[in-house]
Amino acid sequence: MRPEDADLDREAQAWLDILIDRYQKQGMPRAEAERRARMEFDGVTQTKEKVREARRGAALETFWRDLSYGWRTLRKSPGFAVVAVVTLALGIGANSAIFSLVDAVILRLLPVDHPEQLVLLTDPAASGVDVETQESGVRTILSYPEFVELRRGNRVFSGLTAAGSPILDIDLSPEERGAATSVRARGQLVAGEYFEVLGVRAALGRVFTALEERNASPVAVVSYDFWRRELDGSPAALGSSVRAGRGVFQIVGVAPPDFHGITVGSDVNIWFPITTQPQVLPGRDYLKPADTLWLQVMGRLSPGISIKAAQAGINVTFQQYLRTRPAASLIDARRTGKPNESIELRAGARGASPLRDRFSDPLLLLMGMVGVVMLIACANLANLMLARANGREREIGARLALGASRTRLIRQLLTESLVVAGLGGVLGILLGAVGSRLLVALVSTGMSDLWMDLPRDTHVLLFTAGISILTGLAFGLAPAIRASRVDIARAMGASARGSTGEKGRTRTGRILVIAQVALSLVLLTGAALFVRSLRNIFIQPVGYDRSHLMLAGIDIAGADRARRPALYEALRERLRQIPGVRDVSLSNNGLFGDGDSGDRLTIEGSPEKNPDEMHTRWTEVGADYFKTLGVPMRLGREISADDAARAAQVCVINEAFLKRYYPDGGAIGRHITDEYPTTRETFEIIGVVADVKEHSTREEPRPRFYSNVAHPIGTLNGLAMLLRTSGNDAAVASGIRQAVREVDRSLPLEEIRTVSQQIERRLIVERLLAELAAFFSAVALFMAAIGLYGVISYSTSQRRGEIGIRMALGASGRSVMGMVLAQTFGMVAIGVMVGVPCALAVGRLFASRLYGLKASDPWSMAMGLSVVLAAALLAGYVPALRASRIDPVVSLRHE
Amino acid sequence: MEETTEILQGTLDLLVLRILELQPLHGVGIADRIEQVTRGVFVVGPGSLFPALHRLADQGWVEGKWGELETGRRAKFYALTKAGRARLAKEKRNWQKIATAMSRVLAGEV
């Protein structure tokens, strides 16, 4: 019960008691007296309720009156209103934009039935098709045979389902209209009970059945957006057929509008039953090999079963399966004598996402950054409100004199700041919506398949409304309280201007500005650190000239294996004829791509005898690989066109390999054997090459061998053509397209990029941090400069009289200017003194993200400082100039 | 009781303010005084007086403070505030105008 209510009860009771006393004195018995008193009260409860109701009504009415009063006063000073609302909108917009990403990547639950019951049997961050890994320990991703066994033996989940972790880029063409048009779509292979386990019902038509998985039925479910966009949102789309890969699929259903699959950060347009993989992706087999790991597996916990019990249960099934599996027991038996793989359950309510691991820390860091921007915006607004409240001292004094209570005045001034906050919030939501789209666009330059479902939900709206109100209170409360302490007599007096009370106001203003300077210094230094770290990463030498180097991905899964060596040579030959292309080679993984390969091996003639110590990375390369890159051979020769044509079992090792396994030399002519679980391939070492960086500018030299791509290790589905160019990138790119078409029309050409673009893509997180930090600190600095300018010009205008006297007594314009600038820099100096230790402390928080410099990097600090000082000079210069031009006669008369 | 009259809307506030102008009083005291000074024409029950007092307090015209009666019972005593005094003056003028106008009409100067 609220205190007012308790008081109301006490008062009513006291009232009743007096009446009862009176009736008893008149001779009534106690019960009778009580009844009579209550009757007079028309029911005590109702009467009390009447009071409360009136009170609520009055409060609402007062609120509306304050609101319209606030609105009117704001309209009277549009300049103030615009600055305040824009400042706030920038702060709120930045927060709302970053928050919408945080929400989409980290917070949001899948739009399915009871997402909290879902668990992932695989690592949410795992993605891709993994055929090389020798698994041990906790499994990150599963194969189809494993999934089938788990599903068969399952006792702990009410349902178990799987989805292929690679989202496929496929061409869909409508069957009826012939092959005239085709659209690029993003497809996913999913288990038969996928929709059923998730509890996702079709918006139109139906979803898959388990039977359709068993029969590999050619059916498909499309996403709502895709249906609207590509199928005209027509119900006739149901039952129509589309061609995908080598199959023709009948569309049987449309998913609900908000469902985009279980992978956050990717959009799926069309789902196929998992067993149709050979039709959708011809030329590969993902279904039979137990070591082709590509499935995210999700289960729904049976009621009453804990995640722990479920984990124990599913691992029993998994171990039983592993014991029957020859490949696994082969590797594990060699290593430990028994299978040591297991499954770990993780909460699945937020779905899978390779994005989340990479982006959640940077996003939280950015959230902190925009939080600081918001603080600066609040300080700025508090300052503005303070200045305004001061200008209204007379009005406030008059209202106090007329009997307005202090709380009432504070409430009114607060309502005014809430009006500003509300306007800023509305504008901020718009800015935030634009901003979050820009952010996604920025991120997707690094991840071509990124897609994010931006705020269609209420989280972001609630968040924005919340911070708007909070900031409204934050910047409004202190000035409102200060303003209500106006001394009535003085405020009403004629010479209120420029008198002693001003000192308090400027002091508060100064403290706010000092805080702003300190906070912007923290942001600027942080931004400088990120920018310098990014530069450090970027300028690391990779061991070859990375400009004028292009990559073109080609999918060769459909190409006949026996003819591949000839195909590679034909491609090299034809690509070399493109004007501006000097050398051409190829490799399995390309440069700075997502994949790398590694295996255990046996090494002939190496002093290293421990088999556990023998492992290496490897790359499959075509002829002239190092010539194309421009990397010098240290010993021997590289793989030649002749080796390629013969599919010779030869390889080149790098210096790190030589140092590690042949410390005494004598590597040339020796043999190494790659121990892939199902195949063993032996290569003769024909050369030693310098160490180079192929996957990250930050990588350390590691042992690696380069084998002949014409004699592949395991299966090869895609490769990257590598071109050393001297001409225009765009012209070469179109030349590549034409050339590949001429060699083989059916070869799917994937993206063409320069190696520099490829490196930039790898650095997306670092770029995001550096670019946004720079942007947000610029916004912060701008606000701080406005604040500084405001305080300095206010205080010089207050000192007009004093300055006039000084000038009348012979002070020069220059010395007045110096005086005002000194005042400015005095404040900035305090801000810097507070800001430097803060910046150092904050820098330590993200020291692990910095490359090649420490959090206390003096250059970054110097950059931050000089930008702050420059902005301060600018902000102080205008009022200083104005002060120096004060006409003593005018200013003294004014006083 | 048959003699009592329904209080006009708005009149009650004026009556209460006027009564409180003389001295602070508690609820029952105010009701007694109204009955007494209007010679029993107006009888105000707690059912309407209680909300009226709170309405006036919320407007800032009266102020309630806990005090003690002669009998030793505690009760809330209401007093006129500065704003209340100003309000009363205004209401009085208003009432005079209405009363004059009404009596002129009723006296037949149509």
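Not measured: the values here are computed from a predicted model.

Calculation criteria
Residues numbered from 1 in each chain as written. Chains lettered and ligands numbered in written order. Predicted model: local features only at pLDDT ≥ 70, side-chain atom pairs only at ≥ 80, totals over all residues. Axes fitted to C-alpha atoms, helices over the stretch in contact; angles between N-to-C directions. Helix = DSSP H or I, 4+ residues; strand = E, 2+ residues; numbered from the N terminus. Parallel < 35°, antiparallel > 145°, perpendicular 65-115°, else oblique. Left-handed = near helix turned anticlockwise from the far one by under 90°. Nonpolar A, V, L, I, M, F, W, Y, C, P; charged D, E, K, R; others polar. Pairing = 2+ DSSP bridges. Buried ≥ 20, exposed ≤ 12 C-beta atoms within 10 Å, placed from the backbone. Core = buried A, V, L, I, M, F, W, Y, C linked by C-beta atoms within 7 Å. Domains from an automatic or database assignment. Contact = placed C-beta atoms within 7 Å. pLDDT = per-residue confidence, 0-100.

Can you explain the packing of helix α4 (residues 78–107) of chain A against helix α12 (residues 354–391) of chain A? Please cite residues and give values.
Residue and element names in this part refer to chain A. In contact at an axis separation of 9 Å, α4 and α12 are set at 165° when each is read in the N-to-C sense. When the axes of α4 and α12 are compared, the pair comes out roughly antiparallel. Between α4 and α12 lies a crossing of left-handed hand. Split into classes, the residues belonging to the contact of α4 with α12 amount to 23 nonpolar, five polar and two charged.

Report on the sheet that holds strand β1 (residues 25–26) of chain B, specifying residues and quantitative values.
All names here are of chain B. Taking strand neighbours across the sheet as the criterion, the three strands line up as β1-β3-β2 in an open arrangement whose pairing is antiparallel. In this open sheet, the two strands that pair with only one neighbour each are β1 and β2 (62–68). Here β1 pairs with strand β3 (residues 74–80) via two bridges, running antiparallel. Paired with L25 across the strands is Y78, a residue of β3.

Outline the pairing of strand β16 (residues 581–587) of chain A, supporting the account with residue identities and numerical values.
Residues and elements named next belong to chain A. Counting buried residues along β16, five of its seven residues qualify, which places the element largely inside the surrounding structure. For β16 and strand β24 (residues 718–725), the ladder comprises six bridges, and the chain directions are antiparallel. Note that in β24 the partner of V581 across the bridge is T725.

An account of the nonpolar core is requested, with residue identities and associated values reported.
Residue and element names in this part refer to chain A. Judged by nonpolar contacts, the single largest core of 104 residues is most densely connected at V373, V517, F776 and A780. With 18 residues, α12 is the single largest residue contributor to this core. No fewer than three residues from each of domain 2 (77–108 + 354–496) and domain 4 (502–541 + 763–895) sit in this core. Every residue in contact with V373, bar those within four places of it in the chain, is listed here: G91, A94, F776, V779 and A780. In this structure, I262, I270, V280 and V297 belong to the second largest nonpolar core, which totals 68 residues.

Which residues make up the domain arrangement of chain A, and what values go with them?
We note that the domain assignment places domain 1 (3–60), domain 2 (77–108 + 354–496), domain 3 (115–349), domain 4 (502–541 + 763–895) and domain 5 (557–746) within chain A. Relative placement of domain 4 of chain A and domain 5 of chain A: their C-alpha centres are 55 Å apart.

Describe the confidence of the model for chain A, listing the residues and the values that go with them.
Residues and elements named next belong to chain A. Mean pLDDT over chain A works out to 84, with 92% of the residues at or above the 70 mark. Within the model, the stretch residues 328–335 combines pLDDT values under 50 with 10 contacts to residues more than four positions away or in other chains. Across residues 494–501, where pLDDT falls below 50, the model places nine contacts with residues more than four positions away in sequence or in other chains.

So what about the interface of chain B and chain A? Which residues, and what values?
Tallying the contact residues gives 18 residues for chain B and 19 residues for chain A. Elements supplying a minimum of two residues to the side of chain B that touches chain A: α2 (27–37), α3 (46–58), β3 and α4 (82–106) of chain B. Per element, the largest residue contribution to the side of chain B that touches chain A is seven residues, and it comes from α3(B). In terms of residue class, the side of chain B that touches chain A is made up of six nonpolar, six polar and six charged.

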